[in-house]
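# Results of the structural survey
Listed here are the chains, written in short residue letters.
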Amino acid sequence: MPSSLLWAVDVHGRVYSLSTVGQQWELCRDAHLEFKRVTAAQQCCWGIGCDNSIYLNVHASDVPVRYKEESYENQRWNPVDGFSERLLPSDRWQWSDVTGLQHQPLDGFQLPSSSWEWEGDWYVDENFEGEPTEKGGWTYAVDFPATYTKDKKWNSCVRRRRWLRYRRYQAMDSWAKIPSQQTTLPDPFSDISCGGWEVSEEPRGRLSLWAVSLQGKVWYREGIQHHSPEGSVWEEVPLPGEVVQISCGPGDLLWAVLWEGQLIVREGIGRDCPKGTSWTVVDSPSPDVGAIHVSVGVNVVWAVTKDNKVWFRRGVNSHNPCGSGWISMVGEMIMVNVGLNDQVWGISCEDRAVSFRQGVTSSELSGKTWKIISLPRDGERSHSSASSHQSAGCFFSGEARGQSVVSDVESDTEKGATSDNPEPFSASVDQTFDPPKSRIPKVTSDSFISELVSDREPSKNIRDVTPAVLEEEEFTAPSAGGATPSPLDPQWSNVDLEEAQVQQPQPGPALESSDTCSLSSVATYTLALEDSYVADERPLWAWMSGGGCNVDSHSQISWFNCSINTSTLVQSVQSMTLSVTPAQTAAWRRQILEQLGERSKREMDNFKHYEQAVEQSVWVKKGSMQWWRDWKPNKWVDVQFALEQFSGPEGHKDGILFVYYNFYEEKKYLHAFINEITILVPVLNEAKHTFAIYTPQRTQQRWPIRLAAATELEMHDWLALLSVSCCDSRGIQGPPSKQAIWSITCKGDIFVSEPSPALEATPYPTPCDQMYWRQVGGHLRLVECNNTGVVWGIGYDHTAWVYTGGYGGGFFQGLSSSTDNIYTQTDVKNVYIYENQRWNPVTGYTSRGLPTDRYMWSDASGLHERTKTSTKPPSPQWTWVSDWAVDYGVSEGTDREGWQYAADFPASYHGYKTMKDFVRRRRWVRKCKLTTTGPWQEVPPIALSDVTILSCSAEGSVDVVPLWAISNKGDVLCRLGVTALTPAGTSWLHVGTDQAFKSISIGSTSQVWAIAKDGSAFYRGSVSAQRPAGDCWYHIPSPAKQKLKQVSVGLTSVYAVDENENLWYRQRVTPSYPQGSSWEHISNNVRKVSVGPLDQVWIIADKVQGSQGLSRGTVCHRLGVQTVTPKGQSWDYGIGGGWDHITVRGNSMEPTRLPSLTSTPIPALWSPLLDINAEANSSAT
């Protein structure tokens, strides 16, 4: 990664820069005056000088900043002079711009400022559209304006040529004053911020520069780009109040602080409107203390209040620039600054030191801890060899603490910092070294050994331990003249670590102390410098900017392992090498181990007769979340969320979830047992990171526990932890089994459930609301499986994926995910909006509708407004990959402009206009992309719309698995070479058809049924292992006045769903007559159907009654399906709503047979589907 700069201003107004590969602050020596504030981008840095002027420092690069000035010389032909500069009064100027509307003589061009210089004189451009012209560079036309050519013709009455002159920006790597415009600003600037380079890539180098004046007004600098780094003019932006400080992020985030302490957010910033459209007020993080500072990045907002507390805004993204709430962070700062990659710097309140926020990643935007950047400044004297002695003294004696020690110590201590430590960065150390008193640190062998075997905190290192071991005694070393030494006189430090046998020369009577009778010194070192030197006063920083500092969580920054910080310490330690022999070290180790062993044996023997006090282990994880309140008025409430998990003596694990909330100042809680949780579902929400928790009771009510986490990472951590806990309580481990039931939500999330033999038991099956569903990584639109473990899926972009046998992926990491068979998966989805218009006799079709009409920009139903600017991707995980475009692929057809016509809203639309059509609409489409991981591999290259896999009964088995599919163009395909070991197969075999198909299914006995795009059904004859593609298609009539859309075939049953969501059963299907005789209506409000290898019937149903209303997308199971009653008797409702697909074609587990206690039919476990007329089944031949 190339080097970049961090900029800072000290309290004296001097500007410094720190390179990501540098090890000291470099002073900007070309700054001839003091600065108040700076704001940086990667290519430049802006600043406010103490003269209240704006200055710019453009970084030098290989590409020069050049601007091309051009002017056109225009001439007209007359019969006397030929072509001359005599023009008609109605003609353009003789010297003009390309349009001819502006007068541009060559001598009228001036340099914008003294930072520019001309590269040369004016010259004629002798090229026209890439080809050379005749001598002189003239191009000819009939008249002004017209189409110009390089060749002169008989009717060429005018001509022109272009003059060019380049100017170059010369003030590179220096501070250049921005010239003031003709109309001076009303008052000087007090704050400045640049950003917006990610809003648009064109023009190149485009920036947004915002400034605040002393009167509280906000100004925007127009025209900043690569060829014009200074910009052009200032424009005032209207405000709801007086602003004191402003911050602009790299993207479309812009926040400002008002005088009253509130914050305002600029909305509507985009490619076509970089200044935005409106302001939204956001309350201060603390109701009693107003905000004084704010800083924004791409997806983060940090703020500082008047009490110097630091706050983080959660839920901020391009879809929700205002965020959702404030989180108090550890530390006190006078200001913070967000740079590239949402990295954060700050200036601490206590010592004015620059701190860097460690641990900031895309998933953990708030980071983990602050770490001080302790580096010398340019101009300060570097530490000499005597300085290393001072560092050694401060390391071993614990008296003088230097920055070279603390910079490394903090890196360890901060790793163990938690919320119990409110100021992890408060251990900053002054860079000024006070002359230490004369002390002799005394270390005995007993104290040294005792410290070695004592208990310590895991994060404690030797630098933390040693000062606590040393016993310090006051000692005055007399000088040669008997006088007390001055602070700069030599002083002595004694470190006793060896036995008396090792003798060292003693320089004077100062060492004749009783302390040396048993232990002699190893070495003595002076703590003073060879010459008179005291370190310069530590820097006090006033402002800093990291907008151009390109670092991230993986960057190897030299600031914290700087040789300047550590070299003196290393030299000191090396120079004080202890004279301890290996034999003595080995003896110490043996003695310590013997003592530890004796102590452990003694303590354990004394307690052997006691019983085990604790027979299970318990641990608790807590967190703060928001809960969607169960009763009206429903709203988000701040709660405490806790997971208490315990394990018994036999290793069985279980747990309880608690949600603590306040109701009228009374503390209450909800709870759910881990072994009762049936599913954990991420919920689609643009503003919050939410998930839902279902139990059997809440599944029946269609009302889960909905919780919202502060960050996406926190939500994923909780989901992964809860999923592992639920699996442990049920003994579920590893990948899904071959019999697993697969399902997909409308969001594209994949879930599997392990069926039990009692699930299809007769007459008392296990209720399907008690099934446990666990999530598998990946994103799909549909999935199909069989009982040999072959699983295929199709994404929203029609890409085919095959299951690899792993588990986890996505946000599942560690124990909740397999380490292999996990691959990157992408999916592309279309987002649609509709433009609606109504006809009137005056203006024709316009966007002015009747008061009762739908929104002029809406969704397909017309009930919800959807504009191009307000429509966002489905969730923050999706990103736009295209612009809005008219969709001409609507099923009913469109005209040339994409419009569909109808008599009124809503009605049946058609792609042509008639006399009775008074409304019209057209569909706009935009693509968005999702990237995730999961146990899926792509099967190129044909895009598919449907797939089916043969599933055998429990007794049957096949070597090569028949797999049929339909391409997104409607072609029928047969996959060859599919086995349990090679589930992806080898090649495709095309099966001929007379028309395009849209659904296909193969039964347990190789019977293939398909649905054409016109809604008719077909049966493929003679399909076998010898003839995998079959023989021919047999047309099956559809139910009367219905068009089928999906079919599913089991062992002997054939079910189909029509476009009106009716479920049909094919009667009298036999081996001798596999086409059946007629269709029988079973139910309505059915979206999808899946028939298993043993004729199990599962559906996705709509309009299922819940406690809060109708639920769409509910998993339902058909009860009472037997040989004598193949159509079943009633429905059992499972998980939902929000489900879009299910497949039970892998469940070939034989159901348990229980003796029936009654001969009466099985009643429905829950209320039947709405509008189901089970008694009056209609038939259609």
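Residues numbered from 1 in each chain as written. Predicted model: local features only at pLDDT ≥ 70, side-chain atom pairs only at ≥ 80, totals over all residues. Heavy atoms only, no water.

## Examining the overall build of the protein chain
Summing up its helical and strand segments, the protein chain has 8 helices and 77 strands in all. Classification of the 1181 residues of the protein chain by burial places 51% in the buried group. Put simply, of all contacts in the protein chain between residues at least 6 apart along the chain, 59% involve residues at least 24 apart. (Helix = DSSP H or I, 4+ residues; strand = E, 2+ residues; numbered from the N terminus. Buried < 20%, exposed > 50% of the residue type's maximum accessible area, 1.4 Å probe, protein only. Contact = heavy atoms within 4.5 Å.)

## Here's the deal with the nonpolar core
Residues Leu6, Trp25, Trp175, Trp345, Ile373 and Trp559 are the most contacted members of the largest nonpolar core, which totals 30 residues. Ranked by residues supplied to this core, first place goes to strand 1 (residues 5-10) with 4 residues. Residues Phe641, Leu670, Ala709 and Phe812 belong to the second largest nonpolar core, which totals 29 residues. (Core = buried A, V, L, I, M, F, W, Y, C linked by side-chain atoms within 4.5 Å.)

## Focus on the packing of aromatic side chains
A full pass over the atoms with the stated rule returns 41 aromatic pairs. Both rings, one in Trp742 and one in Trp936, keep their centres 5.9 Å apart while their planes meet at 70°; by these two values the pair is edge-to-face. Separated by 194 residues along the polypeptide, Trp742 in strand 44 (residues 741-745) and Trp936 in strand 57 (residues 936-938) bring together distant segments of the chain. Of the two residues, Trp742 and Trp936, both sit in the buried class. Ring geometry for Trp857 against Trp924: centres 6.0 Å apart, planes inclined by 50°, an arrangement best described as tilted. Placement of Trp857 in strand 52 (residues 857-858) and of Trp924 in strand 56 (residues 919-934) is noted, with a sequence separation of 67 residues between them. Its relative accessible area of 23% is what places Trp857 among the partly exposed residues. Three or more aromatic residues link up through ring pairs in this structure, and these residues are Trp627, Trp631, Tyr661, Phe663 and Tyr664. For Arg66, the ring lying beneath its charged end belongs to Tyr166, and the centroid distance is 4.1 Å. The ring of Trp924 is capped by Lys868, whose NZ or CZ atom sits 3.5 Å from the centre of that ring. (Phe/Tyr/Trp six-rings, centres within 6.5 Å; stacked < 30°, edge-to-face > 60°. Lys NZ or Arg CZ within 6 Å of the ring centre and 35° of its normal.)

## With respect to the sheet that holds strand 16 (residues 175-177)
Overall, antiparallel pairing links the 4 strands, which are arranged 4-5-6-16 in an open sheet. On the outer flanks of this sheet lie strand 4 (35-40) and strand 16, each paired with one strand and no other. If you compare each strand with its neighbour and ignore which way they point, the axes differ by 30° on average. Where strand 6 (residues 54-58) lies against strand 16, 3 bridges are found, and the strand directions are antiparallel. Within strand 16, the position partnered with Leu56 by the bridge is Ala176. (Pairing = 2+ DSSP bridges. Axes fitted to C-alpha atoms, helices over the stretch in contact; angles between N-to-C directions.)

## Details of the sheet that holds strand 23 (residues 263-267)
Across the sheet, which stays open at both edges, the 4 strands sit in the order 21-22-23-24 with antiparallel pairing between neighbours. Each edge of the open sheet is held by one strand with a lone partner, namely strand 21 (243-248) and strand 24 (278-282). The sheet shows a mean angle of 25° between the axes of neighbouring strands, direction not considered. Bridging between strand 21 and strand 22 (residues 254-258) involves 5 bridges; their strand directions are antiparallel. When the bridges of strand 22 are listed, Ile246 appears paired with Ala256.

## So, helix 8 (residues 712-730)
A turn of α-helix holds 3.6 residues, and therefore any two residues three or four places apart point the same way. Taking 1.5 Å of rise per residue, the 19 residues of helix 8 would be expected to cover 27 Å, and the 27 Å separating its terminal C-alpha atoms lies within 8% of that figure. Here helix 8 has its buried residues at Glu714, Met715, His716, Trp718, Leu719, Ala720, Leu722, Ser723, Ser725, Cys726, Cys727 and Ser729. Downstream of helix 8 by a residue or two, Gly731 has a phi angle that is positive, lying close to 70°. (Expected span 1.5 Å × (residues − 1).)

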